[in-house]
Amino acid sequence: IIVDDQVITEPMEVGDVIVAASGSITVTGVPEPGLRITGNLWAVNSGRVVLEDSVIQFMSTYHGQYALAAAENARVEIDGCDYRVPNGVQHAIVIAGDAELELTETDFGGLQQLLVMNAGRIHAERLNGNFEVLVQHDARMELADIPRDPDGGDLWVWVEFPAGSEAVYTPPMPGFIDSW
C-alpha cells in the first residue's frame, strides 16, 4: 500500500499495488524488461498512478486475472509506454467513481479493455492495439486516433444508455470500426 510519493526508474517486478489516500506512484523511463506486474495495480481515494515512457508488463495468465483500476477520485496517466499483456489474454483498465484516465501515445499488446463507469472519465488518443471499450452509467469517454497507425489495431465500442439519457454520436460509432 502506497500512501506517499514513490518513483520507479529501473526494471523491477511487483505484486499487488494499491495507491491510496493522496499517495502516488510514478514509473518513468523504465527500459526492458520493464515494470513487471504480477498482481493488480489500483489507485483509490485521491491516489495517482503515472506511467510514462516505460515498458509496462501485466503478467496475467488468463482473461481478467490482473487489472489497472482507479476508483473514487483517483487519477491515472499513461503516456508513451509499451504496455504489454501476454498474447491471447484480455486485460482491463477500469475507471469508476469520479476517477480519471488520461491515455496517450501508447502501444498495447494483447486485447485491451477500457471500462469507465459511474461518473468516471477516460480521454484516450493516439493509441495502437486491439481495444474493446465500454461506457456505463453517467461516465464519459473521449477517443481519438485509435489506432494511430494504419494496421495499428482494432476498436470495438459498447455504450450503455440508462433511462432518460441523451446521446450525441460523433465517429467512431458503437461497434467494430474496420477503417477510417
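All of the points below concern the structure found in this document.

**As for the overall build of the chain**
Next, step 1: What the chain contains, in helices and strands, is 0 helices and 19 strands.
Next, step 2: In terms of C-alpha radius of gyration, the chain reaches 16 Å, essentially the compact-globule figure of 16 Å for 180 residues.
Next, step 3: Considered along the principal axes of its C-alpha atoms, the chain spans approximately 45 × 35 × 25 Å.
Next, step 4: Buried residues in the chain amount to 46% of all 180 residues.
Next, step 5: Of the roughly 8800 Å² of accessible surface on the chain, 50% is carried by carbon and sulfur atoms.
Next, step 6: Charge centroids of the chain, computed over 8 positive and 28 negative side chains, lie 3 Å from each other.

**Focus on the pairing of strand β10 (residues 75–79)**
Next, step 1: Here β10 shows a clear split, with Val-76 and Ile-78 buried on one side and none of Arg-75, Glu-77 and Asp-79 buried on the other.
Next, step 2: As judged from the 5 bridges shared by strand β7 (residues 48–52) and β10, these two strands associate in the parallel manner. By the bridge assignment for β10, Glu-52 is matched with Asp-79.
Next, step 3: As defined by bridge partners, β10 adjoins strand β13 (residues 100–104) across 5 bridges and the pair is classed as parallel. For Asp-79, the partnering residue across the bridge sits in β13 and is Thr-104.

**Looking at the sheet that holds β7**
Next, step 1: The parallel open sheet is built from 7 strands, whose spatial order is β1-β4-β7-β10-β13-β15-β17. Every interior strand has two partners, whereas the edge strands, β1 (5–8) and β17 (140–144), have only one. Along the sheet, successive strands turn relative to each other by an average axial angle of 5 degrees, direction set aside.
Next, step 2: Relative to strand β15 (residues 121–125), β13 is paired through 5 bridges, and the arrangement is parallel.

**Some points on the environment of Ala-43**
Next, step 1: By the secondary structure assignment, Ala-43 is in strand β6 (residues 41–43).
Next, step 2: According to the relative accessible area criterion, Ala-43 is buried, its value standing at 0%.
Next, step 3: Spatially, the C-alpha atoms of Ala-43 and Ala-92 are 14 Å apart, while their sequence positions differ by 49 residues.
Next, step 4: Discounting residues that sit within four places of it in the chain, Ala-43 has contacts with Val-19, Val-49, Ala-69, Ala-70, Ala-71 and Ala-74.

Reading the values: the criteria
Residues numbered from 1 in each chain as written. Predicted model: local features only at pLDDT ≥ 70, side-chain atom pairs only at ≥ 80, totals over all residues. Heavy atoms only, no water. Helix = DSSP H or I, 4+ residues; strand = E, 2+ residues; numbered from the N terminus. Rg over C-alpha atoms; globule rule 2.2 N^0.38 Å. Buried < 20%, exposed > 50% of the residue type's maximum accessible area, 1.4 Å probe, protein only. Areas by Shrake-Rupley, 256 points an atom, 1.4 Å probe, with all protein chains shown as cover. Lys, Arg positive; Asp, Glu negative; His and termini not counted. Charge placed at Lys NZ, Arg CZ, Asp CG, Glu CD. Pairing = 2+ DSSP bridges. Axes fitted to C-alpha atoms, helices over the stretch in contact; angles between N-to-C directions. Contact = heavy atoms within 4.5 Å.

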